[in-house]
Amino acid sequence: MRMHSFAHKQVMRFLVTGATGFIGGHLVERLVSEGHVVTALVRSVAKATRLRELGVTLLRGDLSIFADNDLVLDEVDVVVHLAGVVTAYDPAEYEAINFTAVVDLMRCLQRQSWSPRRLLFASSLAAAGSNPPRRPWTETDPVVPMEPYGKAKARAEVALRETGFPVTCFRPPLVFGPGDPAFLSLFKPASHGLGLRVAGPPQRLSWVYVDDLVTAVLAMANDERDGSYTYFTTSEDTMDTDRLWNALRAAFRRSIFVLPAPGPLLWMAATVSSAVAPRLGLRNQLDQKQVAQMRAPRFECTSAAISQDLGWSAHVTFEEAIRRTAEGYRALGWL
Ligand SMILES: NC(=O)c1ccc[n+]([C@@H]2O[C@H](COP(=O)([O-])OP(=O)(O)OC[C@H]3O[C@@H](n4cnc5c(N)ncnc54)[C@H](OP(=O)(O)O)[C@@H]3O)[C@@H](O)[C@H]2O)c1
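Calculation notes
- Residues numbered from 1 in each chain as written.
- Predicted model: local features only at pLDDT ≥ 70, side-chain atom pairs only at ≥ 80, totals over all residues.
- Heavy atoms only, no water.
- Helix = DSSP H or I, 4+ residues; strand = E, 2+ residues; numbered from the N terminus.
- Expected span 1.5 Å × (residues − 1).
- Buried < 20%, exposed > 50% of the residue type's maximum accessible area, 1.4 Å probe, protein only.
- Pairing = 2+ DSSP bridges.
- Salt bridge = Lys/Arg side-chain N within 4 Å of Asp/Glu carboxyl O.
- Near = heavy atom within 4 Å.
- Polar contact = N/O pair within 3.5 Å; in protein donor to acceptor, adjacent residues only side chain to side chain.
- Areas by Shrake-Rupley, 256 points an atom, 1.4 Å probe, with all protein chains shown as cover.
- Nonpolar A, V, L, I, M, F, W, Y, C, P; charged D, E, K, R; others polar.
- Contact = heavy atoms within 4.5 Å.
- Axes fitted to C-alpha atoms, helices over the stretch in contact; angles between N-to-C directions.
- Phe/Tyr/Trp six-rings, centres within 6.5 Å; stacked < 30°, edge-to-face > 60°.
- Lys NZ or Arg CZ within 6 Å of the ring centre and 35° of its normal.
- Parallel < 35°, antiparallel > 145°, perpendicular 65-115°, else oblique.
- Left-handed = near helix turned anticlockwise from the far one by under 90°.

Student: Please clarify how helix α1 (residues 22–33) should be interpreted in this entry.
Tutor: Given 3.6 residues per helical turn, the α-helix brings residues three or four places apart onto the same face. For α1, which comprises 12 residues, the first-to-last C-alpha distance of 17 Å matches the rise-based estimate of 16 Å (1.5 Å per residue) to within 8%. Those residues of α1 that sit buried are Phe22, Gly24, Leu27, Val28 and Leu31. In the segment just after α1, Gly35 is the residue with positive phi, at about 90°.

In C-alpha cells, the structure reads:
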C-alpha cells in the first residue's frame, strides 16, 4: 500500500454537507485554516453565520436538491457528505436522510460533467453494530446493524459501491468535543453531580475526539489512490462507562452520583418518548436506537487499517478529550 504524507498538502476544493453541524463545523474551520476552498450545503442561513465569516461559499437548500435532475454543481475535488440524522423524529427519517438522500447525492454527482477525486461518506460504527466477537470490529467483518440508524448507514455504504469514482466510507464511533450538542445532555447533569447509566457491567466503547476525526477526514481527502475504501476512524484507547464517569469527575473536580437505570425501564421510557415526541413535533431524544446502543455490551472497533494505509491515528487521550470538551462548553456558556 502506498503511504500518503500530510506534509504533502495541496489546496483543494471541497463540497461539504452537514457543515452547520457539530463535526462539519470543526471540519470547515480546519479546511479553511489550511487554505482549502469550501462550498457548503446549507439549509438554514441563520446557522451559517460562522461559515460566511470564514469565506465559505453557500449552496442553499437541503439534501432534496440532489434529487433534481437539472442541478448543476460547480466542480470540486472532494465531496464530504456529513449531513445526516443522528436523532430522528421517527425511524423513517433515518431511511430517508441516511440512505435515500445519500443515493440521491451519488446520482447527482454521477450526472455532472466532472467527477470528484473522492467522495467521503460519514457512516458510523452503528453500521457494523455491537460486537459479537471478543475483539474489536475490523472492516472485513460482515456488518450486523441493530437499529434503523445503523441499518440505513450500512445500506448507504453498499449503494456507494456503484459510484464509478473513488469513495471512502468512514465509520466513526462516538464522536465528541467542544460544541457537541449531543454530549451536553451528559455533561450538564454531570456538572451538577448527577449521572445515569444502564444497570449492569460497564459498557466498553470506542470513541474519537473531534479534532482527531477531522485530521482523519483530511488524510482520506488526500488519498490519491483510485479505489474505494471503508475505514473505522477511532481512538485505540477504548474506554468503558466507569472510566467515563471518572473522567467527568476529574474534569468537573467534583463527585458525581451515577444512578443505574434498569434496561427494561429504558425501553419503556423510549416507547413513551417515541409515541409522544412526534405528536408534539419534537425530535425524539430517547428512541430504540439510543436504548439499543446503551444496552449493547460493547461497541468497539480498531483503526488499524487506516493507520496502515494512510498513516492516521488518534492522539488525544480520553481524559484530555473530556477535559477539553468541558472547557469548550464553559467557553460557549453552555454549562
Ligand atoms: N456525532 C457522532 O457521534 C457521530 C458518530 C458516527 C457518525 N456520525 C455521523 O457524522 C455525521 C455528522 O454528525 P454530527 O454529529 O455533526 O451531526 P449534527 O451535529 O446533528 O449535524 C448534522 C448536519 O446534517 C445536516 N442535515 C441534516 N438533515 C439534513 C437535510 N435533510 N438536508 C441538509 N442538511 C441536513 C444538519 O443541518 P442543520 O444544521 O440545518 O440541522 C447538520 O448540518 C452524520 O452523518 C452522523 O450520522 C456522527
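Student: Help me understand the sheet that holds strand β12 (residues 239–240) in this model?
Tutor: Strand pairing in a sheet relies on backbone hydrogen bonds. The paired strands run either parallel or antiparallel. Taken together, the three strands give an open sheet; going across it, the order is β12-β9-β14, and neighbouring strands pair in mixed fashion. Of all the strands in the sheet, just β12 and β14 (298–299) have a single pairing partner and so form its edges. Strand direction decides the pairing type here: strand β9 (residues 204–205) and β12, joined by two bridges, are antiparallel. Bridge assignment links Arg204 to a residue of β12, and that residue is Asp240.

Student: I keep staring at the pattern of salt bridges and nothing clicks. Help me out?
Tutor: By the definition in use, this model includes 17 salt bridges. Between Arg50 and Glu29 there is a salt bridge, with the nearest N and O atoms lying 2.7 Å from each other. Placement of Arg50 in helix α2 (residues 49–53) and of Glu29 in helix α1 is noted, with a sequence separation of 21 residues between them. Taking the shortest distance from any N to any O, the salt bridge between Asp223 and Arg225 comes out at 2.6 Å. Judged by its relative accessible area of 1%, Asp223 falls in the buried class. For Arg225, a relative accessible area of 9% puts it in the buried group. One connected set of salt bridges, linked through shared partners, spans Arg118, Asp223, Arg225 and Asp309.

Student: Looking at this structure, I do not really get the site of the ligand. What am I missing?
Tutor: If you check the shell around the ligand, you find 23 residues, and the closest are Thr20, Lys47, Leu82, Tyr149 and Lys153. Within the backbone of Gly18, an N or O atom sits 3.3 Å from an oxygen atom of the ligand. For the ligand, a nitrogen atom lies 2.9 Å from a polar atom in the backbone of Leu63. Computed on the free molecule, the ligand has an accessible area of 900 Å², of which 86% lies beneath the protein chains in the complex. Where the shell around the ligand is concerned, the elements lending two or more residues are α1, α4 (148–159) and β7 (174–176). In terms of residue class, the shell around the ligand is made up of 13 nonpolar, six polar and four charged.

Student: In this structure, what is going on with helix α9 (residues 288–295)? I would like to understand it.
Tutor: Taken together, the buried positions of α9 are occupied by Lys289, Gln290, Val291 and Ala292. Its buried side turned inward, α9 meets α3 (91–111), α4 and α8 (263–279).

Student: Explain the sheet that holds strand β2 (residues 37–42) here, please?
Tutor: Strand order in the open sheet made by the seven strands is β3-β2-β1-β4-β5-β6-β11, with parallel pairing throughout. Strands at the two margins of the open sheet, each flanked by one partner only, are β3 (57–60) and β11 (229–232). On average, each strand axis in the sheet is inclined to that of its neighbour by 20°, with strand direction left out of account. In this sheet, β2 lies alongside strand β1 (residues 13–17) in parallel orientation, the contact comprising four bridges. For Arg13, the partnering residue across the bridge sits in β2 and is Val37.

Student: When you look at the packing of aromatic side chains in this model, what are you seeing that I'm missing?
Tutor: The geometry of an aromatic ring pair is captured by two quantities: the separation of the ring centres and the angle between the planes. What the rule picks out here adds up to 10 aromatic pairs. Seen from their ring centres, Phe176 and Phe318 are 6.0 Å apart, and the 85° between their planes marks the pair as edge-to-face. Of this pair, Phe176 sits in strand β7 while Phe318 sits in helix α11 (residues 318–332), and the two are 142 residues apart along the sequence. Taken together, a centroid distance of 6.2 Å and an interplanar angle of 50° make the contact between Phe183 and Phe187 tilted. With Phe183 and Phe187 both in helix α5 (residues 181–191), this residue pair falls four residues apart, about one helical turn. For the residue pair Phe183 and Phe187, the accessibility class agrees, reading buried in each case. Grouped by ring-pair contacts, the aromatic residues Phe176, Phe183, Phe187, Trp207, Phe252, Phe318, Tyr329 and Trp334 constitute a single cluster. In this arrangement the basic side chain of Arg155 is found over the ring face of Phe99, its NZ or CZ atom lying 4.0 Å from the centre. Directly above the aromatic system of Tyr229 lies the positively charged group of Arg225, at a separation of 3.7 Å from the ring centroid.

Student: How should the packing of α5 against helix α7 (residues 241–252) be read in this particular structure?
Tutor: Between two packed helices, the angle of one axis relative to the other and the distance separating the axes together describe the packing. At a minimum axis separation of 10 Å, α5 and α7 run at an interaxial angle of 55°. When the interaxial angle is binned, α5 and α7 end up oblique. Relative to α7, the crossing made by α5 is right-handed. Contacts from Leu186, Phe187, Ala190 and Ser191 of α5 reach α7 at Leu244, Trp245, Leu248 and Phe252. A class-by-class count of the residues in the contact of α5 with α7 yields seven nonpolar, one polar and no charged.

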